[in-house]
Amino acid sequence: MHTGNDPVCGVEWRNGFTGLVLLVIVPVAIWLLLAGFDEGFVPAEREAYARNSKLLMKLASARWNGISLPLLGLFAALAWEIRRSVQRFRDPFAIRAGETSVAFHRQINRDPLAWGDIDKVRIHQSGLKSEISIWPKAAPPVQIKNVDQEMAAAFAEAARSRGVTVG
């Protein structure tokens, strides 16, 4: 992502535990994939295991032609989240603000906006919650959740200094 002008500030997502979470969910996703195709990956002692995870056992036993579509569905959902987490880990900036425009991370799927095309910016911070909302003049608002609070405040100040309403 590049704004085409010199960077003024950026706003990162809070990725504090992303690496640790990936260390946990990647093996789980791999297990789901393998268990989805091979019933042997589900523990043989089903009775003892089922007490702890009745839902998982039901999903694992729901097979069509030997394939557990529910487990593969869970794998697909986890794989999607792993992909998103890796993208955010590789490029942690949700927003990059330059002298003339603001560009968004590719996950946000929005074209860059010139500062003059932004009507209002709202920063919402309370406890662990932090969110930036950007209202373009001629498009639906952009809401970005779970951002670094200090960087969000710096972004709000950059927006204010360019004549954008901050509230």
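Rules behind the numbers
- Residues numbered from 1 in each chain as written.
- Predicted model: local features only at pLDDT ≥ 70, side-chain atom pairs only at ≥ 80, totals over all residues.
- Heavy atoms only, no water.
- 1 Å grid on protein atoms, 1.4 Å probe; cavity = no way out; pocket = protein on both sides within 12 Å on 5 of 7 lines; lining within 4 Å.
- Points joined across faces, edges and corners; volume = space filled by probe spheres on them.
- Helix = DSSP H or I, 4+ residues; strand = E, 2+ residues; numbered from the N terminus.
- Buried < 20%, exposed > 50% of the residue type's maximum accessible area, 1.4 Å probe, protein only.
- Contact = heavy atoms within 4.5 Å.
- Core = buried A, V, L, I, M, F, W, Y, C linked by side-chain atoms within 4.5 Å.
- Pairing = 2+ DSSP bridges.
- Salt bridge = Lys/Arg side-chain N within 4 Å of Asp/Glu carboxyl O.
- Axes fitted to C-alpha atoms, helices over the stretch in contact; angles between N-to-C directions.

### Things to note about the layout of surface pockets
The rolling of a water-molecule-sized probe over the atoms marks out the regions of remaining empty space.
Okay, step 1: In this model, the largest pocket occupies a volume close to 170 Å³.
Okay, step 2: In terms of lining, the largest pocket is formed by Arg 14, Asn 15, Gly 16, Phe 17, Thr 18, Val 21, Ile 25, Ser 85, Arg 88 and Asn 146.
Okay, step 3: Broken down by secondary-structure element, the contributors of at least two residues to the lining of the largest pocket are helix H1 (18–37) and helix H4 (69–90).
Okay, step 4: Here the element with the most residues in the lining of the largest pocket is H1; it accounts for three residues.

### So, the environment of Leu 72
Okay, step 1: Looking at the element boundaries, Leu 72 is found in helix H4.
Okay, step 2: Exposure remark for Leu 72: the relative accessible area of 16% places this residue in the buried category.
Okay, step 3: Once residues lying within four places of it in the same chain are set aside, the contact partners of Leu 72 are Leu 32, Leu 33, Gly 36, Phe 37 and Ile 67.

### Let's talk about the nonpolar core
Grouped burial of nonpolar side chains is what soluble globular proteins tend to show.
Okay, step 1: Grouped together as the largest cluster of nonpolar side chains are 23 residues, with contacts concentrated most on Ile 95, Phe 104, Ile 132, Ile 134, Ile 144 and Phe 155.
Okay, step 2: Among the elements of the structure, strand E1 (7–12), strand E2 (93–98), strand E3 (101–104), strand E5 (118–126), strand E6 (129–136), strand E7 (142–145) and helix H5 (149–161) are those that each provide at least two residues to this core.
Okay, step 3: Apart from the residues lying within four places of it in its own chain, the contact partners of Ile 144 are Trp 13, Ala 94, Ile 95, Phe 104, Ile 108, Ser 130, Glu 131 and Ile 132.
Okay, step 4: Grouped together as the second largest cluster of nonpolar side chains are five residues, Leu 32, Ala 35, Ala 60 and Leu 71 included.

### Quick look at the pairing of E7
Okay, step 1: Where burial is concerned, the two faces of E7 differ: the one with Val 142 and Ile 144 is buried and the one with Gln 143 and Lys 145 is not.
Okay, step 2: Examined bridge by bridge, E6 and E7 share four bridges and lie antiparallel to one another. By the bridge assignment, Glu 131 is partnered in E7 with Lys 145.

### A closer look at the pattern of salt bridges
Okay, step 1: Enumeration over the complete set of coordinates arrives at four salt bridges.
Okay, step 2: Close ionic contact of Glu 81 with Arg 84 constitutes a salt bridge, the shortest N to O distance being 3.7 Å. Of this pair, Glu 81 and Arg 84 both sit in helix H4, separated by three residues, roughly a single helical turn.
Okay, step 3: For Arg 84, a relative accessible area of 23% translates into the label partly exposed.
Okay, step 4: The partner of Arg 96 in a salt bridge is Asp 91, and the shortest N-O contact between them spans 3.3 Å.

### Here's the deal with the sheet that holds E5
Okay, step 1: The four strands are arranged E7-E6-E5-E8 in an open sheet whose pairing can be described as mixed. What marks the edges here is a single partner per strand, and that holds for E7 and strand E8 (165–166).
Okay, step 2: Each of E5, E6 and E8 touches H5; the most contacted strand, E5, lies at about 155° to it.

### Focus on the environment of Val 11
Okay, step 1: Its place among the elements puts Val 11 in strand E1.
Okay, step 2: C-alpha separation for the pair Val 11 and Ile 144, spaced 133 residues apart in sequence, amounts to 9.9 Å.
Okay, step 3: If we skip the residues at most four places from it in the chain, Val 11 touches Pro 92, Phe 93, Ala 94, Ile 95, Ile 132, Val 147, Asp 148, Met 151, Ala 152 and Phe 155.

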